[in-house]
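Listed below are the residues making up each chain.
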Amino acid sequence: MFAAERRQLILEMVRANGAVSLRELARVVQTSEVTVRRDVRALEAEGLLDRRHGGAVLPGGFTRESGFPQKSHLATAEKTAIADVAAGLVEEGEAVVVGAGTTTQELARRLARVPGLTVVTNSLLVAQALAHANRVEVVMTGGTLRGSNYALVGSGAEQSLQGLRVSRAFLSGSGLTAERGLSTSNMLSASVDRALVQAAAEVVVLADHTKLGTDTMFQTVPTDVMTRLVTDEPPPHDDRAATELQALADQGVQITIAGAVPSGGTGDGMAGRRPRRESPLPVQRRGAHQLRTAGPLPDPQPGERERARVADLRRR
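Every value quoted in this text rests on a predicted model; they were computed, and no experiment measured them.

Side note on the sheet that holds strand β2 (residues 50-52)
Turning to step 1, where the next piece is worked out: Strand order in the open sheet made by the three strands is β1-β3-β2, with antiparallel pairing throughout. Two strands lie at the open edges of the sheet, namely β1 (19-21) and β2, each paired on one side alone. On average, each strand axis in the sheet is tilted by 25° relative to the strand beside it, whichever way the strands run.
Turning to step 2, where the next piece is worked out: Here three bridges tie β1 to strand β3 (residues 55-57), and the two strands are oriented antiparallel to one another. Counterpart to A19 in the pairing with β3 is V57.

Brief notes about the pairing of strand β5 (residues 117-121)
Turning to step 1, where the next piece is worked out: Counting buried positions over the five residues of β5 gives four, a clear majority of the element.
Turning to step 2, where the next piece is worked out: As paired strands, strand β4 (residues 95-98) and β5 are joined by four bridges and run parallel to one another. Bridge pairing links V98 to T121 in β5.
Turning to step 3, where the next piece is worked out: Between β4 and its parallel partner β5, the chain crosses via helix α6 (residues 102-111), and the hand of that crossover is right-handed.
Turning to step 4, where the next piece is worked out: In this region the chain leaves β5, passes through helix α7 (residues 124-130) and returns to the parallel neighbour strand β6 (residues 136-140); the handedness of that crossover is right-handed.

Observations concerning helix α2 (residues 22-29)
Turning to step 1, where the next piece is worked out: Along α2, the residues classified as buried are L22, E24, L25, A26 and V29.
Turning to step 2, where the next piece is worked out: Positive backbone phi, at 60°, marks Q30, one or two positions downstream of α2.

Cut-offs used in this document
Residues numbered from 1 in each chain as written. Predicted model: local features only at pLDDT ≥ 70, side-chain atom pairs only at ≥ 80, totals over all residues. Heavy atoms only, no water. Pairing = 2+ DSSP bridges. Helix = DSSP H or I, 4+ residues; strand = E, 2+ residues; numbered from the N terminus. Axes fitted to C-alpha atoms, helices over the stretch in contact; angles between N-to-C directions. Buried < 20%, exposed > 50% of the residue type's maximum accessible area, 1.4 Å probe, protein only. Right-handed = clockwise from strand over helix to strand, strands pointing away.

Laid out in structure tokens, this is it:
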């Protein structure tokens, strides 16, 4: 494929999806990430797109929201690894809320194996993934169906969450920065996500590395409300993502990197294994959202291994 053909295809992918990682672009155009990065720089110089933390986005600073068909084919391996780790945080008999998104849909498929679980969700895709699970109760919110992501939104969804209390919420979004936290491109979706956060004692954000450093219009989870971030390991050249992870860790967010092998070679943060339970953030950081869970008290030691891992990524 000639350079002009590659760049036209890259431009079409970004226009269709809003944001695409270099890894995904390289896979589609069947070339190296180094070559794709050179193409992206050339397209940025022409004002046709913007470079972002190991990927490319529509020009203008704020990315628009992609539809479900486009999202479902982006960063699939990363989302699978993140879902594996996030599922290991859930204990038998817990009650959790799971928001809408392709990453949370992957999580729901794994939660189907957790007995005695109660899952509250506004996502039809999450509910579908759990519909035939034995000993898992699914509670749907009310609301109006938003077809682009198969989620229930609006005042009906928000009102149905009033008075609800669960141990933790699992949420995804369109962008994540240390300054603003998690954000999304749609006002109705953001409002429901904020109601889900209000219902939970702990908030776990699921976001692959392509969302790190991306800022979108509507804030859903401020950084000081986030308990934990589960993400994948950014590519070695992605300094912005590593810097963003360090900034989040400095603000007290527990970072778990799916697929990462700590220097000791054991399984904290590894996909497919249950990571060690780390301490929640201090009560004063959570304000009205902080509740005591019904399970055993967590290990009071902070996640030093993951903090060290983040620092190592930043040094690269």
